[in-house]
Every structure is written in structure tokens, then in C-alpha cells.
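Given next are the chains, with one letter for each unit.
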Amino acid sequence: MKIVVLQGSPNSRGSTNILVENFIKGASVKGHEVIRFDVSKMSILPCLGCVACGYEGPCVQKDDNEIIKKALLSSDMLVLATPLYYYGMSAQLKTVIDRFCSYNYSLTGKHLKSALLTVAWNQDDWTFEALVSYYKTLVRYLELEDQGMVLGYGCGNVSMTKHSKYPQEAYQLGYSL
Ligand SMILES: Cc1cc2nc3c(=O)[nH]c(=O)nc-3n(C[C@H](O)[C@H](O)[C@H](O)COP(=O)(O)O)c2cc1C
């Protein structure tokens, strides 16, 4: 299966990256092809809301989003990876999701499998409530097929994350596919 990972942290070597790398290792062992995009390093402009695309057509913004679109429309699975920023996903990742607008129907029609990888400083049981709720709403609306979530509680920096159980959980999620 072809898997696209959208890595939404600006820290390419941070905690989100640790989960992503472990997920990719697990998925690769099972023979899956994984394409990773560090979206904060790409030129992705925000959706202008002009709807010139009609929710399915060329976007007026000419940037790296075209690369992500091509990859996603020829893939079988979408993985959203993000640090928790004020209880939601990073703005960098949300910007890519808003740009789904111009290929909304082709994306929905693919019925992609999906997963969520995320890390946060906090450990409270409500830490990921809002993000999980949003992810589940995306799964429903985009007609995705959720394969699992890794919610990294108490993963505030690289050391905390390395010593947590979550890298292994991410590996297992990849390996389970
Ligand atoms: C702008 C910003 C907002 C954050 N908001 C939250 C938050 O709402 N809850 C939380 O537990 N941690 C929050 N954090 C902490 C990060 O989620 C945490 O440090 C994470 O490990 C960063 O991942 P990274 O190394 O991949 O960038 C925030 C960090 C930043 C920089």
C-alpha cells in the first residue's frame, strides 16, 4: 500500500518526527511504500476561500500543494502527524487540510485509510479531546477508514518522547497495516 505522511511539526527532528520515523519503520517492514512530507518546509499558502476551484478544480494558489495533491490522489492511506498546538493541530498541517478544498470530491471518493500521530506536553486525560474530535470528524466527512491513533501524552521534548511508550506504539501501528 502507498502511504502519505503529512508531518506538521516545524521541528524536523522533534517529538512528532520520532513517532513518524517509528511508524515508517513499522510500515516499511511490512512492505508498504511511505512518502513523507514535512509540510512546514514546503511552500503551502492558505486557502483564500474564493472557491474558484468549485471544490474540485485548479486552485488559484500555485505552490507545493500540487505535489501533495498528486501524492494523495495516488495513495491508499493518509497519516496526519502533528504536535499539539493550543489543543489543535499545527497551523502548518491545518493549512494543507484547508487546501483539500480544490480536490475535495476526488479525495473523498478514494476512501483512504488514515491514522493520527500526535505529541503534547500535557498528560491530563483531556489533553487530546479536541484534536481527536476533529480527527474523527475529518474521518467521517472525508470518508476515511481510521486505522488508529497514537496520542503521545507527556511528550514535551525529544528526551521525554524517546523514553515514553509512544515510539513503540507508532512502530506497532505501522507494522499492523
Ligand atoms: C505553539 C505551541 C503550542 C503548544 N500547545 C500545546 C498544548 O496546547 N498542549 C500541550 O500539551 N502542549 C502544547 N505544546 C507543546 C508541544 O505539543 C510539545 O512540546 C511537542 O512535543 C512538540 O513537538 P515537536 O517536537 O514535534 O515540535 C505547544 C507547543 C508550542 C510550540
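Residues numbered from 1 in each chain as written. Predicted model: local features only at pLDDT ≥ 70, side-chain atom pairs only at ≥ 80, totals over all residues. Heavy atoms only, no water.

In this section: the sheet that holds strand β3 (residues 77-83). Spatially, 5 strands are ordered β2-β1-β3-β4-β5 in an open sheet, and the strand pairing comes out parallel. Strand pairing shows two members of the sheet lacking a second neighbour, β2 (33-38) and β5 (145-152), which therefore form its edges. Direction aside, neighbouring strands of the sheet carry axes that sit 15 degrees apart on average. Bridge count between strand β1 (residues 2-7) and β2: 6 bridges; the pairing is parallel. Considered in β2, the bridge of Val4 is made with Ile35. Lying on the sheet, helix α2 (residues 65-73) is in contact with β1, β2 and β3; it crosses β1 at an angle near 145 degrees. Sheet strands in contact with helix α7 (residues 166-175) are β4 (113-119) and β5, and its direction is about 170 degrees off that of β5. (Pairing = 2+ DSSP bridges. Helix = DSSP H or I, 4+ residues; strand = E, 2+ residues; numbered from the N terminus. Axes fitted to C-alpha atoms, helices over the stretch in contact; angles between N-to-C directions. Contact = heavy atoms within 4.5 Å.)

To find leftover empty space, one rolls a probe the size of a water molecule over the atoms. Under the criterion given, the structure shown has 1 cavity of 30 Å³ or more. Along the wall of the largest cavity there are 14 residues; nearest its centre are Cys47, Leu48, Cys50, Cys53 and Cys59. When the residues that make up the lining of the largest cavity are grouped by side-chain class, the tally is 10 nonpolar, 3 polar and 1 charged. (1 Å grid on protein atoms, 1.4 Å probe; cavity = no way out; pocket = protein on both sides within 12 Å on 5 of 7 lines; lining within 4 Å. Points joined across faces, edges and corners; volume = space filled by probe spheres on them. Nonpolar A, V, L, I, M, F, W, Y, C, P; charged D, E, K, R; others polar.)

Taking 1.5 Å of rise per residue, 13 residues should cover 18 Å, and helix α5 (residues 129-141) covers 18 Å from first to last C-alpha, within 8% of that figure. When we look at burial in α5, the residues that qualify are Leu131, Val132, Tyr135, Leu138 and Val139. Projected down its long axis, α5 carries its buried residues within an arc of 120 degrees, all on one side. In this structure, α5 carries Glu129, Lys136, Arg140 and Tyr141 as exposed residues pointing more than 90 degrees from its buried face. Its buried side turned inward, α5 meets β3, α3 (91-98), β4 and β5. Once α5 finishes, Glu143 follows within two positions and takes phi at roughly 55 degrees, a positive value. (Expected span 1.5 Å × (residues − 1). Buried < 20%, exposed > 50% of the residue type's maximum accessible area, 1.4 Å probe, protein only. Arc of directions from axis to C-beta.)

This part covers the pairing of β5. Across 6 bridges, β4 lies against β5 in parallel orientation. Of the residues in β5, the one forming a bridge with Leu117 is Val150. Between the parallel pair β4 and β5, the chain is carried across by α5, and the sense of this crossover is right-handed. (Right-handed = clockwise from strand over helix to strand, strands pointing away.)

Of note, Val119 is situated in strand β4. Looking at Val119, the relative accessible area reads 4%, which means it is buried. Excluding residues within four positions of it along the chain, Val119 makes contact with Ser15, Thr16, Leu19, Thr82, Pro83, Leu84, Phe128, Gly152 and Cys155.

So, on to the packing of aromatic side chains. For the structure shown, the criterion picks out 4 aromatic pairs. Residues Phe128 and Tyr153 carry aromatic rings whose centres are separated by 4.9 Å and whose planes lie at 80 degrees to one another, so their mutual orientation is edge-to-face. Highlighted residues: Phe128 in the loop between β4 and α5 and Tyr153 in the loop between β5 and α6 (158-162), separated in sequence by 25 residues. What makes Tyr153 partly exposed here is its relative accessible area of 25%. Consider the rings of Tyr171 and Tyr175, whose centres lie 6.0 Å apart with planes at 15 degrees: the pair is stacked. Of the two residues, Tyr171 and Tyr175 are both situated in helix α7; the distance of 4 residues between them amounts to about one turn of the helix. Over the ring of Tyr175 we find Lys30, and its NZ or CZ is 4.5 Å from the ring centre. (Phe/Tyr/Trp six-rings, centres within 6.5 Å; stacked < 30°, edge-to-face > 60°. Lys NZ or Arg CZ within 6 Å of the ring centre and 35° of its normal.)

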